[in-house]
Amino acid sequence: MQHIDAGAELDPVHPVPVPAGTHGLTAAEVAERVARGQVNDVPVRSSRSMGEIVRANVFTRFNAIIGVLWLIMFFVAPIQDSLFGFVILANTGIGIVQEWRAKKTLDSLAVIGEARPTVRREGTAAAVSTSEIVLDDLLEIGPGDKAVVDGVCVEADGLEIDESLLTGEADPVVKRPGDRVMSGSFVVAGGGAFRATKVGREAYAAQLAEEASRFTLVHSELRSGISTILKYVTWMMIPTAIGLVISQLVVKQHGFKDSVARTVGGIVPMVPEGLVLLTSVAFAIGVIRLGRKQCLVQELPAIEGLARVDTVCLDKTGTLTEGGMDVTELRPLQGAEESYVRKVLGALGESDPRPNASLQAIIDAYPDVEDWRCTESLPFSSARKYSGATFSEGDGESSTWLLGAPDVLLADDDPALAETGRLNEQGLRVLLLARAGRDLDDPEPARGARPTALVVLEQRLRPDAADTLRYFAEQDVHAKVISGDNAVSVGAVAGKLGLTGQTVDARSLPSEPAPMARALDEGTVFGRVTPQQKREMVAALQSRGHTVAMTGDGVNDVLALKDADIGVSMGSGSEATRAVAQIVLLDNSFATLPSVVAEGRRVIGNITRVATLFLVKTVYSVLLALLVVCFQVEYPFLPRHLTLLSTLTIGVPAFFLALAPNRERARPHFVRRVMRYAIPGGLVAGVATFVTYLMARHYYTGPGQLDAETSAATLTLFLISMWVLAIIARPYTWWRVALVAAMGVAFLFVLVVPPLQHFFALKLVGVTMPWLAVAVAAVASAALELLWKWVDRRFAT
């Protein structure tokens, strides 16, 4: 609330009185500070730098292992046994290119969504880039604006700032001239201006902004699950590799180079090196795809998180309805003159320099009366649900008016409430104009207010909202409409969009978390929700095991957006909501949300599929190495054999499968789900391959025996791996069938073309043993099919 000095000077841009001496810096003073480096020049990065991308993709634990083995193979074996190194180079290159493309997409979108604070210089207010703010600049702030630098309040017109994101204090803090303004806080009511006292790296906001918008691939169940798997794989590799080295180099006492080659051939396939690559590529391509739809992903795991969401909390205004409204009717009460009411509404519209959507509709409908002057104002607050102003009328009379929610300003038995209820049932929004009998600085200015008129507003429904709600219903995602508006009105709007369910007035909700959670599960539409209640409702839903997404565009949504598992803000929303949200819909289209959900499901579902492929290989590689050590025989494969198998049954197919459409709802426990299939699959493949190898050792004799044994074992392992691929590729589509068939044809090509036979050291000898290898593979594939079906039934989740 602000008492306005009649002798104040006027800002040439806004008709808001500006106290003398607060015109801001001059151009010369700005230039002087720029020259001294006192500029807020901390870059807000939306992605990793190119150097960080290269380092993250090149300097990995497994690249180091593979790199050392690759160097060894260069000196002891033919080039074809070093192919695995070139595959790693290609994989790393693909990862760098895809993340660089994602970086470019994020950077371009971040510029579109960048906040532009209002700075007053030489008495003129203008929006500037955050990086153009200098020390001592005068920044104007209003509802939804975030303080981007530290400062001291100079002007305050009912200014209330929420510092909960910094201090944890839930209640807004009233600011007066001289009070400190903390960067990272945001305005919830009123307006004002503050002078910048800390800019650049000295301001806490710079650290917040850089951290909040950094491109990240961590802190997600998918990434942490893969890291857990890789940690265990590393521990398995070490003793197995040592045993393999001793077995091949000491016990068998074969030629040094051949022993080294077969040892490396046993170690390399234990490394699921492509799994991390494909996860990064899938996320990066997800960012690019969403970027094309004007969706800025500020934190990459948000793609994954939204795919796991089972409850979406929607703010009505700006989400289900468009931001604008239209005044459709004015109903005077208690004999009030309509012409006089129009004057009051025109004056109220002019009294607020930052009108919300409702007040803007009134401004558009009722022009200002020039001879009315505002002497005191009370800005709108989501917590109190009304605003007010005191006017000096042209005839010398003074009056105080309130404009806000009828069910807040009126007594429960007031007859005007019945009329309001009937209008609300039609989905219309109703505001009450009431003449106050108390001053605005009274603790309860609304007590005893006399109702004067009802202002009826029509909200514009988003044309895409009904289809989006239908999509969520089909995907078994529960939609909860949480609004500060009248519950009946919100329920009517939701009904028009096809959303059915119980409508609840949030003022009747229990305050304890457990009862509130039960009420939230039962209800669908909630009205008269305060900003703090929104936050409590998100926490209550989470306490019931729900993964909650919150959408919104207003300052009253900030706390709930921050606490939700996934916060989604509209691009036209307040600066504060965009700052705390993980996903920003730059085109303000609610219809983009299904695309985000679908992209997340594609990433998670497909990575789960391909992770099984990679880890089956790891399991059978470790098992084969252990069996070789226990049976004291030569390792059956050279690196070239497993490079060929990995490329045809894992590498190439996994790349296509990882990027394919997938609408399956994401389920938790990634590691457990993957290992349920990878362990039995790897055990069956390893045992069957070793059985074929032992049979071949008894069948073949003489020169070339080891090559013939290797070829037979390779055939069995390839066929089983192809069956694993065929199972993973289900449900079949034409391109999935073509992909599996193409991999089979490629292997057949290697077997029948002499130069390729020689290059890969693969030549099937005779007829009996190759057909035995096929028979073993067939039995193993049937066993695998039965085993995985049993796992599906036993561990169905």
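Here the structure is a predicted model, which is why all the values come from computation and not from measurement. (Residues numbered from 1 in each chain as written. Predicted model: local features only at pLDDT ≥ 70, side-chain atom pairs only at ≥ 80, totals over all residues. Heavy atoms only, no water.)

**Description of a negative patch on the surface**
Item 1. There is a patch of like negative charges on the surface, built from Glu 350, Asp 368, Glu 370, Asp 371, Asp 395 and Glu 397.
Item 2. Locating Asp 371 in the fold gives a position in the loop between helix H12 (357–365) and strand E14 (373–378). (Patch = residues over 30% accessible without salt bridge, like charges linked within 9 Å, V, L, I, M, F, W, Y side chains within 5 Å. Areas by Shrake-Rupley, 256 points an atom, 1.4 Å probe, with all protein chains shown as cover. Salt bridge = Lys/Arg side-chain N within 4 Å of Asp/Glu carboxyl O. Lys, Arg positive; Asp, Glu negative; His and termini not counted. Charge placed at Lys NZ, Arg CZ, Asp CG, Glu CD. Helix = DSSP H or I, 4+ residues; strand = E, 2+ residues; numbered from the N terminus.)

**Re the environment of Gly 744**
Item 1. Structurally, Gly 744 is set in helix H25 (residues 734–752).
Item 2. Sequence-wise, Gly 744 and Met 722 are 22 residues apart; in three dimensions their C-alpha atoms are separated by 7.6 Å.

**Section: the pairing of strand E10 (residues 186–198)**
Item 1. Of all 13 residues that make up E10, 10 are buried, and the element is covered over most of its length.
Item 2. Pairing geometry for strand E6 (residues 138–141) and E10, over 4 bridges, is antiparallel. Paired with Glu 140 across the bridge in E10 is Ala 193.
Item 3. Summarising the sheet, strand E7 (residues 150–162) and E10 pair through 10 bridges and their orientation is antiparallel. Bridged to Val 152 within E10 is Arg 195. (Buried < 20%, exposed > 50% of the residue type's maximum accessible area, 1.4 Å probe, protein only. Pairing = 2+ DSSP bridges.)

**Looking at empty space enclosed by the protein**
A water-sized probe, rolled over the atoms, reveals where empty space remains.
Item 1. On inspection of all chains with the given rule, the structure shows 1 cavity of 30 Å³ or more.
Item 2. Forming the boundary of the largest cavity are Leu 613, Val 616, Tyr 620, Thr 649, Ile 650, Ser 721 and Val 724.
Item 3. Mapped onto the lining of the largest cavity, the elements with two or more residues apiece are helix H21 (593–631), helix H22 (639–658) and helix H24 (705–728).
Item 4. The element contributing the most residues to the lining of the largest cavity is H21, with 3 residues.
Item 5. Taken together, the residues that form the lining of the largest cavity break down as 5 nonpolar, 2 polar and no charged. (1 Å grid on protein atoms, 1.4 Å probe; cavity = no way out; pocket = protein on both sides within 12 Å on 5 of 7 lines; lining within 4 Å. Points joined across faces, edges and corners; volume = space filled by probe spheres on them. Nonpolar A, V, L, I, M, F, W, Y, C, P; charged D, E, K, R; others polar.)

**Re the packing of helix H3 (residues 61–76) against helix H8 (residues 256–267)**
Item 1. The N-to-C vectors of H3 and H8 enclose an angle of 150°; their axes lie 10 Å apart at closest approach. Taken as axis vectors, H3 and H8 run roughly antiparallel relative to one another. The way H3 lies across H8 gives a crossing that is left-handed. Packed against H3, whose contacting residues are Leu 69, Ile 72, Met 73, Phe 75 and Val 76, the element H8 presents Phe 256, Lys 257, Val 260, Ala 261, Val 264 and Ile 267 at the interface.
Item 2. Split into classes, the residues belonging to the contact of H3 with H8 amount to 10 nonpolar, no polar and 1 charged. (Axes fitted to C-alpha atoms, helices over the stretch in contact; angles between N-to-C directions. Parallel < 35°, antiparallel > 145°, perpendicular 65-115°, else oblique. Left-handed = near helix turned anticlockwise from the far one by under 90°. Contact = heavy atoms within 4.5 Å.)

**Quick word on the pattern of salt bridges**
Item 1. For the structure shown, the criterion picks out 23 salt bridges.
Item 2. Notably, a salt bridge pairs Asp 485 with Arg 429, separated by 2.8 Å at the nearest N-O pair. Of this pair, Asp 485 sits in the loop between strand E19 (478–482) and helix H16 (487–496) while Arg 429 sits in strand E17 (residues 429–435), and the two are 56 residues apart along the sequence. The same class applies to Asp 485 as to Arg 429, namely buried.
Item 3. In this structure, a network of salt bridges that share partners links the residues Glu 329, Arg 331, Glu 419 and Arg 422.

**Structural notes on the sheet that holds strand E20 (residues 502–505)**
Item 1. The strand order across the open sheet built from 8 strands is E11-E24-E23-E22-E12-E19-E21-E20, with neighbouring strands paired in mixed fashion. The sheet terminates laterally at strand E11 (295–297) and E20, the two strands that pair on one side only. Mean inter-strand twist for the sheet, computed between neighbouring axes without regard to direction, equals 20°.
Item 2. Taken together, the 2 bridges between E19 and strand E21 (residues 523–527) define a ladder with parallel strand orientation. Across the sheet, the residue bridging to Ile 482 is Phe 526, located in E21.
Item 3. Across the sheet, H16 lies against E19, E20 and E21, angled at about 135° from E21, the strand it touches most.
Item 4. Strands strand E12 (311–314), E19, E21 and strand E22 (548–552) of the sheet are contacted by helix H18 (residues 531–543), whose axis makes an angle of about 160° with E22.

**Topic: the packing of aromatic side chains**
Item 1. A complete count under the given rule lists 12 aromatic pairs for this structure.
Item 2. Here Phe 718 and Phe 747 contribute two aromatic rings whose centre-to-centre distance is 3.8 Å and whose plane-to-plane angle is 15°, an arrangement assigned as stacked. Residue Phe 718 is located in helix H24, and its partner Phe 747 is located in helix H25; the two are separated by 29 residues in the primary sequence. The pair Phe 718 / Phe 747 is uniform in exposure class, with both members buried.
Item 3. Among the aromatic residues, those joined into a cluster by ring pairs are Tyr 340, Trp 372, Phe 391 and Trp 401. (Phe/Tyr/Trp six-rings, centres within 6.5 Å; stacked < 30°, edge-to-face > 60°.)

**Concerning the packing of H24 against helix H27 (residues 768–794)**
Item 1. Interaxial distance between H24 and H27 falls to 8 Å at its minimum, and their mutual angle equals 30°. Of the possible angle classes, the one that applies to H24 and H27 is roughly parallel. The handedness of the crossing between H24 and H27 is right-handed. Within the contact between the two elements, H24 uses Ala 712, Leu 715, Thr 716, Leu 719, Ile 720, Trp 723, Val 724, Ile 727 and Ile 728 and H27 uses Met 769, Pro 770, Ala 773, Val 774, Val 776, Ala 777, Ala 780, Ser 781, Leu 784, Glu 785 and Trp 788.
Item 2. Of the residues belonging to the contact of H24 with H27, the class tally is 17 nonpolar, 2 polar and 1 charged.

**Overview of unusual backbone geometry**
Item 1. Residue Pro 731 is reached from Arg 730 by a cis peptide bond, and omega for that bond is -5°.
Item 2. Secondary-structure assignment places Pro 731 in the loop between H24 and H25.
Item 3. Positive phi outside glycine occurs at Gln 334, with the angle close to 55°.
Item 4. Looking at the secondary structure, you find Gln 334 in the loop between strand E13 (321–332) and helix H11 (338–351).
Item 5. Positive phi is not limited to glycine here, since Ala 761 has a value of about 55°.
Item 6. Tracing the sequence through the fold places Ala 761 in the loop between helix H26 (754–760) and H27.

**So, the confidence of the model for the protein**
Item 1. With 90% of its residues at a pLDDT of at least 70, the protein reaches an overall mean of 81.
Item 2. Confidence drops under a pLDDT of 50 for residues 1–21, and excluding neighbours within four residues, the segment shows 47 contacts in the predicted structure.
Item 3. Within the model, pLDDT remains below 50 along residues 208–219, and this stretch shows 37 contacts once partners closer than five positions in the same chain are excluded. (pLDDT = per-residue confidence, 0-100.)

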